[in-house]
Amino acid sequence: MASVEDLDREIAQLEQIIRDDDEALEKESVSVRERLLLLLPLREKENKLRDDRKELKAQCRPGYLFLPRFAPFGSSCAACAVCACAYPLLFCSSSPCSAARTEKHRKWERSGCARVSSRNQGSRYKVRFTLSCVLFELLFVRRFTLLIVPELSIRDRTARALLAMIESPLFRNDPGALFRAQMELLNLLDTRTDTNVTDAWVSVHISALEDTKYWVEAVVNRKVARQCMTASLFKDDLLLAFRWLSLRLEAPTIIMTDVVQERLAREKNRKFELEIGYLPHVLSITLAAAAGQEGLTYALEDFTERKPKGYQQHAVREDVRCLVQGQRLHPSESNTRVVPASSMLDAIDANAEPFGHLLKVIETHSMQTVQPVQMCLFFANIWAVHRFVATYENRELSRIDISPPLPFEKHRYTPESRLLSFQRLRSAYTNRGTATLLDAMPLTHRGLSLLQALR
Amino acid sequence: MCRHVQDIAELHGLPTSRVTLQYGDGRVIDTAHARVVYHGVRSVVIELPDCTVKIAPPDVIEAECSAHAALDHHHNIRKSSGRCAVFPASLGLGGILLEGPGLPVSREDVKQDFSRLFAAALAALTYVHSTGHLHRDVKLSNMVCVRGVLKLNDFETVCRDPSARPVLGTPLYHSGVHPSHFETADDLFALVVSFAEPHIMDLARMDFDQRCRAVVSAAENAIRVSAFTERVSTVMSTIRARGGASNIHSDTHTSLHNSLEFFLEQSFNAAPGIVERTDFDGLTLSS
């Protein structure tokens, strides 16, 4: 879709033709007028979208994003945005959607008009979506046995059907449909969002967004400055050595046989491994790094924590909590891998999943209001670690720095980011059948100082 | 990560952690020129201009202080001048002040000056045994040269009680004779292996039989190379004549013990005044 500026430019040219060139007007009057008739409503719509966006930006509550209502969040929702048909919204990434795509849809997609929406289309969409939810309730929730309870309003029934749909295993592999359902449930249940919703825009709590999509919305689309930096030095040799010693003293008691087995199984059968088994070890390392520091400690994710009101899902807890004077700040996140890319910037965006999660944690817990600089840690299991620093200005994300640099091109890991050695651990496991954290630790304390250049 | 912690502390105005060492009387030790010289499994050694400090968990420091109290009377034993406290206390570490600075004994040193270093190490170990203690972790990295004199070091595994002597130390130097019980002979075996090791390639990869043969052969070569004494050369010839190299595989333990017995006996003779009598299996030594 052309921007407002492009439309303005083209309309101005056409008006100029009409005003100045009578001959041209005579020859091309039909086409010029038709074109003008097409462009003027489009400009009006684009202006409305822009005004809505400005208005919503002012109204949007902390923790909420406002997005174009029919923007293609899901894998194949773009086709649905054209005609606002409800059926593909529910099953948008399944085969019926693909099959249902008509030539008209594809044409509209190619022309880039997927975001066009109108009040009528919105209404049709709402009606069809509601009917689809009721149908879903009949088919899957009530299992053909019960009729709709008459005293429930259609809003309640829709909400119940949406909830059942979110929890249903049928849609577990369909993130696009789940997201739509979550978004609609939010609209139905949370009255606060009603003020932020128009036919063109919808506000969504950021906990409802997938980590990767949130990264794209909050960082890539807003062109937030982000870069990889070299690590800075930590100069207190004694403190470093003592902290490393305290980790070594504890290491023989930390059994890592399961971790080796998991890793070896990954190499044989699976592409990725589970990160849960690593988190206690990550905690041990972070605790050792903070040994002797008053007012600062780390703790594991609190699984007993209740979901705060208004959250869409409980996906906004960090893997390791950093507690500064008892206050939860500077979250740490672990992932099973670091994704290399062709350049440093691409490497950052390629790891959008953990970084997007870190941003979600920071922003859903309003950490940026407490401290405008959030220094997070990102572990690739326990084999490598990077620091992720998010800087906020006026509560707006303004800059992201990552150090040491993420792997890119043929560089797997920079030496500074390496924490422990899997090769050493595996050889211990091969020799003895068991392995401890001590086996994975190099003799020197380079691992713990990792934000220190090699000496 | 330590840098990360420091940055967070600075961001929130938390007191910055600094390591402070204090003598037993409360005086602060100047650590401005401190240098970490050794990272052990359970300890870190810091070198200061006038002394060396070993940092380890409190139980290790306690054991080492007790050992020093009993053993610090021989000139081949590294002396201690007391404990030191380590702050922040939450690190859970303690320290012991040691004679220093000391240079670690390297393999090259052993190759070049085998006889003098071996005699000094043997004298120190004999003294330890004479007081009824066992070292249980004899190896080159636990020996240092302080002002040119070899000193036996690292007494955290020293024990006295004969009824409680589990095998400790580095597995590479264990004799394997008594898997769960440590004897003076095991200390001596570790000493010989330590001094033979520089002449042996891939000791860690060998099984016990191979290691025993290699030790005997290397000890023989080392003594020959260092032109120890004619008498010792004769002893080594005797070892060879008793089948040390060719027949040791048939009865490894017996041959090795016999070989070591002669080897040590003649070494004692080469350093007169250290011991009066040696009995490898019972080993009662006196100064």
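### Describing the overall build of chain A
When helices and strands are tallied, chain A shows 19 helices and nine strands. Relative to its full complement of 455 residues, chain A shows a buried share of 38%. For chain A, the proportion of contacts with a sequence separation of at least 24, taken over those separated by at least 6, is 68%.

### What to know about the overall build of chain B
Secondary structure assignment for chain B yields eight helices and 10 strands. Here chain B holds 287 residues, and the buried ones make up 41% of them. Within chain B, contacts between residues at least 6 apart in sequence are counted, and of these 59% link residues at least 24 apart.

### A short note on the sheet that holds strand β9 (residues 143–146) of chain B
All names here are of chain B. Here we have three strands laid out as an open sheet, ordered β8-β9-β10, and antiparallel in their pairing. Among the strands making up the open sheet, the edge pair consists of β8 (103–104) and β10 (149–152). Each of β9 and β10 touches helix α4 (residues 114–130); the most contacted strand, β10, lies at about 35° to it.

### Here's the deal with the confidence of the model for chain A
Residues and elements named next belong to chain A. Looking at chain A as a whole, the pLDDT averages 69, with 54% of positions reaching at least 70. Between the elements of chain A, mean pLDDT differs from a low of 28, seen in helix α4 (residues 87–90), to a high of 93, seen in strand β5 (residues 320–324). Under a pLDDT of 50 for its full length, residues 70–125 has, in the predicted model, 86 contacts with residues more than four places off or in other chains. Here residues 141–153 is modelled with pLDDT under 50, and outside its nearest four sequence neighbours on either side it reaches six contacts, counting other chains as well.

### Some points on the pairing of strand β9 (residues 396–403) of chain A
All names here are of chain A. Strand direction decides the pairing type here: strand β3 (residues 225–228) and β9, joined by four bridges, are parallel. Each bridged residue has a counterpart across the sheet, and for C228 the counterpart in β9 is I402. Hairpin connection of strand β8 (residues 384–393) to β9: two residues between the antiparallel strands, including N394 at a positive phi of 50°.

### Here we look at helix α13 (residues 279–289) of chain A
Residues of α13(A) that are buried include every one of H281(A), V282(A), I285(A), T286(A), A288(A) and A289(A), and no others. Considered in projection along α13(A), the buried side chains sweep an arc of 160° and stay on one side of the axis.

### A word on the environment of N335(A)
Residues and elements named next belong to chain A. For N335, the location among the structural elements is in strand β6 (residues 327–335). Looking at N335, the number of C-beta atoms within 10 Å reads 19, which means it is partly exposed. If we ignore the near neighbours within four places in the chain, the residues touching N335 are E275, E353, P354 and A380.

### Points about the packing of helix α11 (residues 237–250) of chain A against α13(A)
All names here are of chain A. The contact between α11 and α13 brings their axes to 8 Å, and the two run at 145°. Of the two possible hands of crossing, α11 and α13 adopt the one that is right-handed. On α13, the residues that touch R243, S246, L247 and E250 of α11 are S284, I285, A288 and A289.

### Quick look at the interface of chain A and chain B
With 39 residues of chain A at the interface, the matching set in chain B holds 30 residues. For the side of chain A that touches chain B, the secondary structure elements donating two or more residues are α11, α13, β7 (373–380), β8 and α19 (446–449) of chain A. A per-element tally of the side of chain A that touches chain B places α11(A) first, with 11 residues. Of the residues belonging to the side of chain A that touches chain B, the class tally is 21 nonpolar, 13 polar and five charged.

### Here's the deal with the nonpolar core
Core analysis: the largest hydrophobic core is formed by 88 residues, its most contacted members being F242(A), L359(A), I382(A) and I55(B). The element that contributes the greatest number of residues to this core is α11(A), accounting for eight residues. Ignoring any residue separated from it by four or fewer positions in sequence, one finds I382(A) in contact with Y278(A), H281(A), V282(A), I285(A), L419(A) and L420(A). Core analysis: the second largest hydrophobic core is formed by 34 residues, I77(B), V110(B), L134(B) and A196(B) among them.

### Regarding the pairing of strand β5 (residues 52–56) of chain B
All names here are of chain B. By the criterion of burial, β5 is predominantly enclosed, with five of the five residues buried. What you see with β5 is no split at all: T52, K54 and A56 on one side and V53 and I55 on the other are buried throughout. For strand β4 (residues 44–47) and β5, the ladder comprises four bridges, and the chain directions are antiparallel. The residue of β5 that forms the bridge with I46 is V53. With five bridges joining them, β5 and strand β7 (residues 94–98) adopt antiparallel strand pairing.

### Re the sheet that holds β3(A)
Residue and element names in this part refer to chain A. The seven strands lie next to each other as β3-β9-β8-β7-β6-β5-β4, forming an open sheet whose pairing is mixed. The open sheet terminates on both sides in strands that have one partner only, identified here as β3 and β4 (296–300). For this sheet, the mean inter-axis angle between neighbouring strands, taken without regard to orientation, is 20°. As paired elements, β7 and β8 share eight bridges and run antiparallel to each other. When the bridges of β8 are listed, L377 appears paired with R387. Packed on one face of the sheet, α13 meets β4, β5, β6 and β7 and runs near 175° to β4.

### Brief notes about unusual backbone geometry
The residue after S403(A), namely P404(A), is reached through a cis peptide bond having omega -15°. The step from F87(B) to P88(B) runs through a cis peptide bond, and the omega angle for that step is 5°. Relative to the helices and strands, P88(B) is located in the loop between β6 (80–87) and β7. We note that N394(A) has phi near 50°; this positive angle belongs to a residue other than glycine. Mapped onto the elements of the fold, N394(A) is located in the loop between β8 and β9. For N394(A), a count of 7 C-beta atoms within 10 Å gives the class exposed. For R395(A), which is not glycine, the phi torsion reads 65° and is therefore positive.

Conventions we followed
Residues numbered from 1 in each chain as written. Chains lettered and ligands numbered in written order. Predicted model: local features only at pLDDT ≥ 70, side-chain atom pairs only at ≥ 80, totals over all residues. Helix = DSSP H or I, 4+ residues; strand = E, 2+ residues; numbered from the N terminus. Buried ≥ 20, exposed ≤ 12 C-beta atoms within 10 Å, placed from the backbone. Contact = placed C-beta atoms within 7 Å. Pairing = 2+ DSSP bridges. Axes fitted to C-alpha atoms, helices over the stretch in contact; angles between N-to-C directions. pLDDT = per-residue confidence, 0-100. Arc of directions from axis to C-beta. Left-handed = near helix turned anticlockwise from the far one by under 90°. Nonpolar A, V, L, I, M, F, W, Y, C, P; charged D, E, K, R; others polar. Core = buried A, V, L, I, M, F, W, Y, C linked by C-beta atoms within 7 Å.

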